[in-house]
Structure formats: C-alpha cells, structure tokens
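Below, each chain spelled out in residue letters.
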Amino acid sequence: MVGGGEHLVADGLEADPGGEQAGGHPLHDPPLPDGTGDAGDLRAVFERLTGATTTARRRRLHIGVLDHDPELGLAVHNACRAWVHQTATALEAQGHHVETGWPAPLDHLWGTFAAFGVLSDATRPPMLDWVSDRLGRTVRADEVSGSVFEEAARARARGPGEVQAARKVVDAAIAPIHRWWQDHDLLLTPTTFQPA
C-alpha cells in the first residue's frame, strides 16, 4: 500500500478517502464470465477497515500460468488444472496478457535444498537468544521444538564461510525469479493439488 492523506493505492485498488468518485457504486465489479468471483468483496472489506471509498484501477496485467508441479512432478488433479485454465481464460477475456510460463528456477529449486537448510539452521541460535532474552533466562529444550536445538547445534558447528557459500547458492538460484517478476504481475497456479 502506498499513498498518504487524500489518495491511497493498495494492490490495484485506488482509494478516495473523500468518497467522491464519479459514476456508479465503486464496490461492485462485473463478475467473471462464469458468474463466480467478485473483487467487490475485497474492496468492501478494505473500505470498511480504512473508511476509504475504493474504485478499481484497470490496467493490463502480464500473467504467467503454471498448472502443474514443475519441480517434484506431484500429480495435480484434472479439476484443479481445469480451474487454472478457466481462470486464465476469464482474465484474458478481461483484457489481460495471459501466457503459459513461470520462473524457470521453479523447475529445479529443490537442488538448492541443502543451502536453504544451512541458512535456516543459521537463524536458530539468534532465535533461541531472543527467546532467552524475553524470558530473562536460558530457554529450556522442553519450551521449544526439539528440532530447533538440533538446528542451532548444527549452525554453531559451521564456520561463517559455509553460511556465506550457502547464501551465494541461494542468491544465484533466486535471482532469475526476481527477474521474472520484473516483467510479470501474477503467477496463476492451482491452490491445491486436489479439489477441496
């Protein structure tokens, strides 16, 4: 959310605290072509919480579509894949640029799992110190998950060079993801692998 005072913008919503937007009621968008969904509900909540009147700000979005698990190959139910494509079609019908595509590192990000583990472990000692500071004493093993103490022990056994090397691996892996998002606004994926 950005803005101040007279004009607010929140993730594609423009808010007019004075409520003086011209034309119709600003809280209702036309539903998606199949009759489901309405951005008006989200704007109504935003207005209720902030006291601002909101109107949709229309712009053409660049949307990537990913209807499968590119990395582990886990099965995605056909109904979930169909909903992705139905939503993509609805977004395209509203004038957005929709294409099959996703950040390429998602195809192999698990290859950096060990490096992520090193970085995750490195967060544990400071976390335990923080909890101990809040308690005014050393945190005991029965007060947090046992795995936290195991991870902290692994982190303490590593040198700073190992953590820095892991950071470089992760940074290199995610840099293309950042670049993908410079040219895209949305990645449309199944919410779950199986229908809820």
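Residues numbered from 1 in each chain as written. Predicted model: local features only at pLDDT ≥ 70, side-chain atom pairs only at ≥ 80, totals over all residues. Heavy atoms only, no water.

Direction of pairing for strand β5 (residues 62–65) relative to strand β6 (residues 97–100): parallel, over a ladder of four bridges. For glycine 64, the partnering residue across the bridge sits in β6 and is glutamate 99. Tracing the backbone out of β5, into helix α2 (residues 78–93) and back to the parallel element β6 gives a crossover that is right-handed. (Pairing = 2+ DSSP bridges. Helix = DSSP H or I, 4+ residues; strand = E, 2+ residues; numbered from the N terminus. Right-handed = clockwise from strand over helix to strand, strands pointing away.)

A few words on the nonpolar core. Counting seven residues, the largest nonpolar core consists of Ile63, Val65, Val84, Ala88, Leu91, Val98 and Leu188. Elements with a contribution of two residues or more to this core: β5 and α2. Tallying contributions element by element places α2 first for this core, with three residues. For leucine 188, the residues in contact, after removing those within four places along its chain, are Ile63, Gly64, Val65, Leu66, Val84, Thr87, Ala88 and Leu91. (Core = buried A, V, L, I, M, F, W, Y, C linked by side-chain atoms within 4.5 Å. Buried < 20%, exposed > 50% of the residue type's maximum accessible area, 1.4 Å probe, protein only. Contact = heavy atoms within 4.5 Å.)

The next subject is α2. Its 16 residues place the ends of α2 22 Å apart at the C-alpha level, agreeing with the 22 Å of an ideal helix rising 1.5 Å per residue. Every buried residue of α2 is accounted for by Cys80, Val84, Ala88, Ala90 and Leu91. For α2, the angular spread of buried residues about the axis comes to 160°, placing them on one side. Away from the buried face of α2 by more than 90 degrees, exposed residues Asn78, Thr89 and Ala93 are located. Residues of α2 that are buried sit in contact with β5, β6 and β7 (186–188). Immediately beyond the C-terminal end of α2, within one or two residues, lies glycine 95, with a positive phi of roughly 100°. (Expected span 1.5 Å × (residues − 1). Arc of directions from axis to C-beta.)

In this section: the confidence of the model for the protein chain. Taken as a whole, the protein chain shows an average pLDDT of 79; of its residues, 77% reach a score of 70 or greater. Every residue in residues 1–36 is under pLDDT 50, and counting partners more than four places away or in other chains gives 65 contacts. (pLDDT = per-residue confidence, 0-100.)

Looking now at a nonpolar patch on the surface. Together, Leu72, Leu74, Trp110, Phe113 and Phe193 give the surface a local cluster of nonpolar side chains, amounting to about 540 Å² of exposed area. Among the secondary structure elements, tryptophan 110 is positioned in the loop between β6 and α3 (113–122). (Patch = residues over 30% accessible without salt bridge, like charges linked within 9 Å, V, L, I, M, F, W, Y side chains within 5 Å. Areas by Shrake-Rupley, 256 points an atom, 1.4 Å probe, with all protein chains shown as cover. Salt bridge = Lys/Arg side-chain N within 4 Å of Asp/Glu carboxyl O.)

Once that is clear, we can look at the sheet that holds β5. Pairing is parallel across the open sheet formed by three strands, whose spatial order is β6-β5-β7. Where the open sheet ends on each side, the last strands, each with one partner, are β6 and β7. Each strand of the sheet is rotated relative to its neighbour by a mean of 25°, with strand direction disregarded. Pairing geometry for β5 and β7, over three bridges, is parallel. Bridge assignment links valine 65 to a residue of β7, and that residue is leucine 188. (Axes fitted to C-alpha atoms, helices over the stretch in contact; angles between N-to-C directions.)

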